[in-house]
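Tertiary structure, described
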Amino acid sequence: MRIILIVALAFLLQGFVSGLLGDSFTPPDLIYLAVLLLAATVSPYVGLPLAFALGLLQDLLSAGYPGLHAVGLLLAAYAYYRLSRLVHWDEPAGQAVILGGSFVAKWLGILLVAFWLRLGNFNPLTLWSVILPEMLLTLLIAPFAIRLYQQLFPHSK
């Protein structure tokens with residue numbers, strides 16, 4: 001039940017924030033944060049397929065290329081599981097390392113699929129105007145989202 005609630009809330013808020021900010025400003029990636037919060041509470045055997053499924057759902061709902069966000073969120077969840085063995089998720093420095101590393105993994109997955117699909121005259125250097133604002137907003141909102149999640153679901157991992 002918690003998974004369905006978090007996913008529905010993430011997609012609802014993502015749509016609301018994206019519509020509120022419009023095309024002039026890149027919104028934070030709330031679905032990415034939801035995947036990391038869910039990955040923190042479930043095993044990798046559940047978390048990795050869940051991340052892929054949420055990414056595929058995000059691709060289908062946004063009428064994008066199927067697989068872009070699916071592979072991106074899958075690699076972000078994988079990076080979370082690998083980095084959480086090195087640092088503690090409960091400490092602010094550990095959260096920064098995990099969020100930064102998994103965000104880079106997410107975009108590497110998106111770039112990998114975009115390169116594989118050869119989307120037009122694709123130049124990854126033109127994406128910095130999208131990646132940098134999204135990363136800054138996502139990383140600024142992340143501590144508040146983590147704290148809110150821990151208050152709403154205190155018995156999670």
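Up top you'll find the structure we're talking about.
Structure report, in brief. (Residues numbered from 1 in each chain as written. Predicted model: local features only at pLDDT ≥ 70, side-chain atom pairs only at ≥ 80, totals over all residues. Heavy atoms only, no water.)

One way to put it is that helix H5 (residues 92–117) packs onto helix H6 (residues 128–152) with a least axis distance of 11 Å and a crossing angle of 140°. Classified by the interaxial angle, the pair formed by H5 and H6 is oblique. Two packed elements cross with a definite hand, and for H5 against H6 that hand is right-handed. Along the contact surface, H5 presents Gln95, Leu99, Phe103, Lys106 and Trp107, while H6 presents Val130, Ile131, Glu134, Met135, Thr138, Leu139, Ala142 and Ile146. Residues of the contact of H5 with H6, tallied by class, amount to nine nonpolar, two polar and two charged. (Axes fitted to C-alpha atoms, helices over the stretch in contact; angles between N-to-C directions. Helix = DSSP H or I, 4+ residues; strand = E, 2+ residues; numbered from the N terminus. Parallel < 35°, antiparallel > 145°, perpendicular 65-115°, else oblique. Left-handed = near helix turned anticlockwise from the far one by under 90°. Contact = heavy atoms within 4.5 Å. Nonpolar A, V, L, I, M, F, W, Y, C, P; charged D, E, K, R; others polar.)

For the structure shown, the criterion picks out three aromatic pairs. Summarising the aromatic geometry, the rings of tyrosine 32 and phenylalanine 103 are spaced 5.6 Å apart at their centres and angled 80° between planes, so their arrangement reads as edge-to-face. Here the residue tyrosine 32 occupies a position in helix H2 (residues 30–39), and phenylalanine 103 occupies one in helix H5, the gap between them amounting to 71 residues. An angle of 90° between the planes, with centres 5.4 Å apart, marks the rings of tyrosine 80 and tryptophan 89 as edge-to-face. Cluster of aromatic residues (ring-pair linked, three or more members): Tyr80, Tyr81 and Trp89. We note lysine 106 situated over the ring of tyrosine 32; from NZ or CZ to the ring centre the distance is 5.5 Å. (Phe/Tyr/Trp six-rings, centres within 6.5 Å; stacked < 30°, edge-to-face > 60°. Lys NZ or Arg CZ within 6 Å of the ring centre and 35° of its normal.)

Quick look at the packing of helix H3 (residues 44–61) against helix H4 (residues 68–83) now. Two elements in contact, H3 and H4, have axes whose closest approach is 7 Å; the angle formed by their N-to-C orientations is 155°. The pairing of H3 with H4 is recorded here as roughly antiparallel in orientation. The handedness of the crossing between H3 and H4 is right-handed. Between H3 and H4, the residues in contact are Pro44, Gly47, Leu48, Ala51, Phe52, Leu54, Gly55, Leu56, Gln58 and Asp59 and Leu68, His69, Ala70, Val71, Leu73, Leu74, Ala77, Tyr78 and Tyr81, respectively. For the contact of H3 with H4, the residue count by class is 14 nonpolar, four polar and one charged.

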